[in-house]
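Residue-level listing of the chains:
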Amino acid sequence: MITYYWQHLGEPLSHYRFSGHSALAWITTALLFAVIFTFLKTAVRLSRKILGAAAHGTAAWPALLDKAARQTKSWFLATLAAAAACYRLAPLGPSRALLGDIVVTALFVQAALWGHAFIKASIDYYRAQSQDGARSTVVVAVGLIATILLWLLLTLAALSNLGVNVTALLAGFGVGGIALALAVQSTLADFLASLWILFDKPFVLDDFVAIDAYMGTVEHIGLKTTRLRSPSGEQIIIGNSDIVKSRMRNYKRMRERTLVFTLYLAYENTHEALARATIVIEDIVRRDRRARFVRAHFTDYQPQGLAFEVAYCVGEDNIDAYRDVQHAINLAIFQAFREQGIELAHQLAVHAPLPGLTAKEAS
């Protein structure tokens, strides 16, 4: 029945012509466009359902691909369907070439949208998983640069496909890029250094570090500067490029802090008192489970007294906890010496520098 009506309807329609093609050919093309567009639309919806179901799992890739697939535009599908439907109508030569250029250009634009959505979804996923706000800031900046480069490259590729000579554009971009790089040389160096800090991870937030002559706890890692809070309270701001060129010590990653200091005993002490001093110090350090005894030796005769070098390790990475152990051991030594009759030198000299000057990582 349908074939019968189609044949009888096609005869008169074949006599009407538009732009060199019969009305029947145009109707056939429109129907073909509708079928192809519906097929593509259905395929995209089905793929989104599959990716959406897979996104509920533990893997991150299905969720990222799902967000990218959601950026598939209807105009892109319509362009593909129209190109496929009109392929028979377009004669060989410039018309078909133009049709191909339109499809490729639409593909480049759609690819840029997919890439942009994928980059944005990756950044959102990283920020949701990471608790480090400073690194998230750097990742956002890297994502922005990646998006700009993606659009730039695909735009140049699309222009090249349309026959535009992009060599002059690339030369102009090169000269402009060099001029811009020279103008913002220090800022660019700090930004690249922030990327090095991000990926190499010499320190993270809340680490206690020493950078050349400066010491403090890392409070903020930015695109241009890193901020430390010194033990005395002031904030120290250092350019990221300066950090890359500096010698750095990270005390947060130490297994132990080693404290070496000197006690001076009076010359009036007896031989027995000096011998007991080493035993008393060792016993006090060993009783504190937070510390590990290393040595306590009578090392030298000094004008201010008899020098005893004491060393012990503390398994604490926090500066306040480290000082608590040091405080408790110093009080215990003072009390024990009083009880044992061991006399400290009247001109007492105790050398106990900040941990940044004497602490070292135990091997």
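Reference entry: report on the structure contained in this document. None of the values given here were measured: they were computed from a predicted structure.

### Topic: the pairing of strand β3 (residues 208-211)
- Both faces of β3 are covered, namely the face carrying Phe208 and Ala210 and the face carrying Val209 and Ile211.
- Direction of pairing for β3 relative to strand β4 (residues 214-221): antiparallel, over a ladder of four bridges. Residue pairing for β4: Ala210 is matched across the bridge by Met215.
- Between β3 and β4, which follow one another and run antiparallel, lie two residues, and Asp212 among them has a positive phi close to 55°.

### A closer look at the nonpolar core
- Grouped together as the largest cluster of nonpolar side chains are 27 residues, with contacts concentrated most on Leu265, Ile281, Tyr312, Ile329, Ile333 and Phe337.
- Sorting the residues of this core by element identifies β8 (257-265), α10 (271-287), β9 (291-302), β10 (305-314) and α11 (319-340) as the ones contributing at least two each.
- At seven residues, α10 tops the list of elements feeding residues into this core.
- Apart from the residues lying within four places of it in its own chain, the contact partners of Leu265 are Leu274, Ala277, Gly305, Leu306, Phe308, Phe337, Ile342, Glu343, Leu344 and Ala345.
- Of all hydrophobic cores here, the second largest spans ten residues; its members include Ile197, Phe203, Val209 and Ile238.

### Focus on the environment of Leu223
- As for its position among the elements, Leu223 is in the loop between β4 and β5 (225-229).
- For the pair Leu223 and Val139, spaced 84 residues apart in sequence, the C-alpha to C-alpha distance is 9.9 Å.

### Thoughts on a nonpolar patch on the surface
- A cluster of nonpolar side chains, namely Trp75, Val109 and Trp151, defines an oily patch on the protein surface of about 260 Å² accessible area.
- Note on placement: Trp75 falls in helix α4 (residues 74-86).

The rules we used
For every chain, the first residue of its written sequence is number 1, and the numbers climb from 1 along that sequence. Thresholds applied to this predicted model are a pLDDT of at least 70 for local features of residues and 80 or more for the giving and counting of side-chain atom pairs; totals over whole chains, interfaces and linings are not thresholded and use all residues. The basis for every side-chain value is the complete set of heavy atoms in the structure, and neither hydrogens nor water enter the calculation. Burial classes follow relative accessibility: with a 1.4 Å probe on protein chains only, a residue under 20% of its type's maximum area counts as buried, one over 50% as exposed, and anything between as partly exposed. Only DSSP runs of H or I with at least four residues qualify as helices, and only runs of E with at least two residues qualify as strands; both kinds are numbered from the N terminus onward. Any two strands with at least two DSSP bridges between them are considered paired. In this description, a nonpolar core means a group of buried Ala, Val, Leu, Ile, Met, Phe, Trp, Tyr and Cys residues linked to one another through side-chain atoms lying within 4.5 Å. Note on contacts: a residue pair is in contact if any heavy atoms of the two residues lie within 4.5 Å. Residues enter a patch when their relative accessible area is above 30% and they make no salt bridge; the linking distance is 9 Å between like charges and 5 Å between nonpolar side chains (Val, Leu, Ile, Met, Phe, Trp, Tyr). In this description, accessible areas are obtained by the Shrake-Rupley approach with a 1.4 Å probe, and a residue is regarded as covered only by the protein chains that are shown. Between Lys or Arg on one side and Asp or Glu on the other, a salt bridge is scored when a side-chain nitrogen of the former is within 4 Å of a carboxyl oxygen of the latter.

Without other data, these values stay purely geometric and don't point to any function.
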